[in-house]
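Chain by chain, the residues run as shown.
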Amino acid sequence: MYKIFASLFATILISALLVPFIRQLAFKIGAVDRPNARRVNKKTMPTMGGLAIFIAFNFTNFVLLKGQYPFKQMVALLIAQCVIILTGIIDDIYELKPYQKIIGITVAALIVYYVAHIRMTTLTVPFAGTVKLGIWSLPITIIWILAITNAINLIDGLDGLATGIAIIALTTSALTGYFFLNVTNTFISIMMFTLVAALIGFLPYNFYPATIYLGDTGSLFIGFMISVFALFGLKNATFISIIIPVIILGVPITDTIYAIIRRVLNKKPIMKPDKHHLHHRLMQMGLSHRQTVLVIYGIALIFSFISLLYPLSNILGSILLTIATLFGLEIFVELIGLVGPNHTPLLNLIRKIVLNFADHHDQDKKNGQ
């Protein structure tokens, strides 16, 4: 245990020490983020900061904690990570098209499935029993990796936002998997904490006002690793094991889903970027850059606390908890206008019910008189 804690502390230092060198490298090779109509930065910023996280994470896994993990699986996973990192670096320099990034993520996902043998194989449905996924195992695994990776990538819009959310999500996932879900492979939790340590070392450089960005190198890598970590617990998936990581990642998943809904309703291409994401809306409502990031951290913590209730609930309780969470989330989304100021179906329904109730109450009072 002492070795693990010492290695985690070393990971923080390695990540922090690497960032200045990665920053200089980013400027030299042109991995920079220039101001434009969609960006919040007012000056050219170096990206590719995720490279420091990647190096620190894998140095700890293969050197400091050597022997803690299944070696062949770790090598296969490292190859997949390299595909993601290469995709991110190319995008940070040349700005790839969305479909080109999807190709890179899919190649990495195929390595995870066929070489690392990390996949979803069965699904236990409440009141219906266990279903073997069979030929659906591959597409479901790939879709899972694509969805989570892109969700983290989309939320990376403010200084320290994706980094902080990832720290919260990974810490919650590691604790949940270790203490509640009876995951027999404790090395998964150790790997999660190792990535958290690498992120902590990077965060001081990335928090507002940032001196370096994660870039797609970082956001794709973080999202990819979160999706793979979740798959370890989803090999034999149940309602609880699926819903917990989804709730933990509530912020990026919510932002992604409502971005798709917003673009469909406005008849815009799904892949076309806009300035109506969660962080954009909060800033448009008057919050400062730093305040917006801290508010979203708070929302992420709320999702994490909700996720901790699932292992303590039975199936019925979990279903009711999910319904309540979705209900509260929809009200919040409509209040801040995440889809649009005119798309408030739930608030309109609540308003209609309240007004009808008030009308009936007034009518009853008149009749009583």
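Residues numbered from 1 in each chain as written. Predicted model: local features only at pLDDT ≥ 70, side-chain atom pairs only at ≥ 80, totals over all residues. Heavy atoms only, no water.

## Some details on the nonpolar core
With 98 residues, the main nonpolar core has L195, F221, F224, F229 and V251 as its most contacted residues. For F229, the contacting residues outside a window of four places in its chain are F57, L170, I188, M191, M192 and L195. (Core = buried A, V, L, I, M, F, W, Y, C linked by side-chain atoms within 4.5 Å. Buried < 20%, exposed > 50% of the residue type's maximum accessible area, 1.4 Å probe, protein only. Contact = heavy atoms within 4.5 Å.)

## Remarks on the pattern of salt bridges
If you walk through the whole model with that rule in mind, you get 2 salt bridges. When the shortest N-O distance is used, the salt bridge between D91 and K101 registers 3.9 Å. With D91 in helix α3 (residues 71–94) and K101 in helix α4 (residues 98–114), this pair connects stretches of sequence that are 10 residues apart. In this structure, D91 and K101 share a single accessibility class: buried. K101 serves as the salt-bridge partner of D216, at 2.8 Å between the closest nitrogen and oxygen. One end of the pair, D216, is in helix α8 (residues 215–234); the other, K101, is in helix α4, with 115 residues separating them in the sequence. Via salt bridges that share partners, D91, K101 and D216 belong to a single interconnected network. (Salt bridge = Lys/Arg side-chain N within 4 Å of Asp/Glu carboxyl O. Helix = DSSP H or I, 4+ residues; strand = E, 2+ residues; numbered from the N terminus.)

## Describing the environment of M192
In this structure, M192 sits in helix α7 (residues 187–206). Setting aside anything within four residues of it in sequence, one finds M192 in contact with L170, S173, A174 and F229.

## Focus on the packing of aromatic side chains
All chains considered together, the criterion is met by 7 aromatic pairs. When the ring of F62 is compared with that of F71, the centres are 6.4 Å apart and the planes differ by 85°; the resulting orientation is edge-to-face. Given the relative accessible area of 21%, F62 is considered partly exposed. Here F187 and F232 contribute two aromatic rings whose centre-to-centre distance is 5.7 Å and whose plane-to-plane angle is 85°, an arrangement assigned as edge-to-face. Of the two residues, F187 is situated in helix α7 and F232 in helix α8; the sequence distance between them amounts to 45 residues. Note on accessibility: F187 and F232 belong to one class, buried. (Phe/Tyr/Trp six-rings, centres within 6.5 Å; stacked < 30°, edge-to-face > 60°.)

## Details of the UniProt feature "binding site: Mg(2+)" (unreviewed entry) in the protein
UniProt's feature table lists "binding site: Mg(2+)" (unreviewed entry) at N153 and D216, given in the numbering used throughout. Maximum C-alpha separation among the annotated residues is 6.8 Å over a sequence range of 64 residues, consistent with a single clustered spot. Here N153 lies in helix α5 (residues 137–155). If we skip the residues at most four places from it in the chain, N153 touches K101, D216, S219 and L220. Here the side chain of D216 touches N153 through a polar contact of 3.3 Å, side chain to side chain. (UniProt positions renumbered as here; feature names shortened; annotations may be inferred. Polar contact = N/O pair within 3.5 Å; in protein donor to acceptor, adjacent residues only side chain to side chain.)

## Some details on α3
Between its first and last C-alpha atoms α3 spans 34 Å; for 24 residues at 1.5 Å apiece the expected length is 34 Å, and the two agree. Residues M74, A76, L77, A80, Q81, I84, I85, T87, G88, I89, D91 and D92 constitute the buried set of α3. (Expected span 1.5 Å × (residues − 1).)

## Concerning a nonpolar patch on the surface
Side chains of I260, V264, I270 and M271 sit close together on the surface and give an oily, nonpolar patch of about 350 Å² of accessible area. By secondary structure assignment, the location of M271 is in the loop between α10 (250–265) and α11 (278–284). Classification of M271 as exposed rests on a relative accessible area of 51%. (Patch = residues over 30% accessible without salt bridge, like charges linked within 9 Å, V, L, I, M, F, W, Y side chains within 5 Å. Areas by Shrake-Rupley, 256 points an atom, 1.4 Å probe, with all protein chains shown as cover.)

## A short note on the side chain of T60
Position of T60 relative to the elements: it lies in helix α2 (residues 50–64). Note on T60: relative accessible area 0%, which makes it buried. Every residue in contact with T60, bar those within four places of it in the chain, is listed here: S7, T11, L65, K66 and T194.

## Digging into the packing of α2 against α3
The contact between α2 and α3 brings their axes to 11 Å, and the two run at 170°. Classified by the angle their axes make, α2 and α3 are roughly antiparallel. Touching L51, F54, F57, N58, N61 and F62 of α2 are F71, M74, V75, L78, Q81, C82, I85 and I89, all from α3. Considering only residue class, the contact of α2 with α3 consists of 11 nonpolar, 3 polar and no charged. (Axes fitted to C-alpha atoms, helices over the stretch in contact; angles between N-to-C directions. Parallel < 35°, antiparallel > 145°, perpendicular 65-115°, else oblique. Nonpolar A, V, L, I, M, F, W, Y, C, P; charged D, E, K, R; others polar.)

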